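Breakdown of the fold
Read off the chains here:
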Amino acid sequence: MDANDSLKKPADGDFTEDRLSTGIDGLDNILDGGLPANHIYLVEGEPGTGKTTLALQFLLEGARRGDAVLYVTLSETKNELATIVANVAGRAG
């Protein structure tokens, strides 16, 4: 796979990257359609700022599209994640 395989060349000649929806309409709008594909993202911030919610929303959107997803955490317990997933999934449905 070539590094440019994820690039599309529109009629005007400018290259644009494929984008992945975050699952959050307003954020996707700000990001011109979502996060650029084939990149690694680190989300950091103070406790309670929505990092886990953002990550799980993104993963749920990927799973909805049929993508394989993986979430790795070093801080949330199984019960904490279950609660957050229930809240995120409830808003998505």
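A few points on the structure. (Residues numbered from 1 in each chain as written. Predicted model: local features only at pLDDT ≥ 70, side-chain atom pairs only at ≥ 80, totals over all residues. Heavy atoms only, no water.)

1. Things to note about the side chain of S21
Going by this rule: By definition, any uninterrupted DSSP run of H or I lasting at least four residues is a helix, any uninterrupted run of E lasting at least two residues is a strand, and each is numbered from the N terminus. Pairs of N or O atoms are called polar contacts if they sit within 3.5 Å, as long as, within protein, a hydrogen donor faces a hydrogen acceptor (for residues adjacent in sequence, only side-chain-to-side-chain pairs). Contacts are assigned to residue pairs that have any heavy atoms within 4.5 Å of one another.
Within the secondary structure, S21 is located in the loop between β3 (19–20) and α1 (25–30). In this structure the side chain of S21 is engaged in a polar contact, spanning 2.5 Å, whose partner is the side chain of D28. Beyond its immediate sequence surroundings of up to four residues, S21 is in contact with D28, G33, G34, F58, E61 and R65.

2. Quick look at the environment of H39
Selection rule: Between buried and exposed lies partly exposed: a residue is buried under 20% and exposed over 50% of the maximum accessible area for its type, with that area taken using a 1.4 Å probe on protein chains only.
Along the chain, H39 falls in the loop between β4 (35–36) and α2 (51–64). Of the residues examined, H39 reaches a relative accessible area of 44% and is grouped as partly exposed.

3. With respect to the pattern of salt bridges
As a reminder, the rule being used: Any carboxyl oxygen of Asp or Glu that lies within 4 Å of a side-chain nitrogen of Lys or Arg is treated as forming a salt bridge with it.
Applying the stated criterion to the full structure yields three salt bridges. Ionic pairing is found between E61 and R64, a salt bridge with its closest N-O pair at 2.5 Å. Taken together, the residues span about one helical turn, with E61 and R64 both in helix α2 at a distance of three residues. Exposure remark for E61: the relative accessible area of 13% places this residue in the buried category. R64 sits in the exposed class, given a relative accessible area of 60%. For D67, the salt bridge identified is with R65, shortest N-O distance 2.6 Å. One salt-bridge network, in which partners are shared between bridges, spans E61, R64, R65 and D67.

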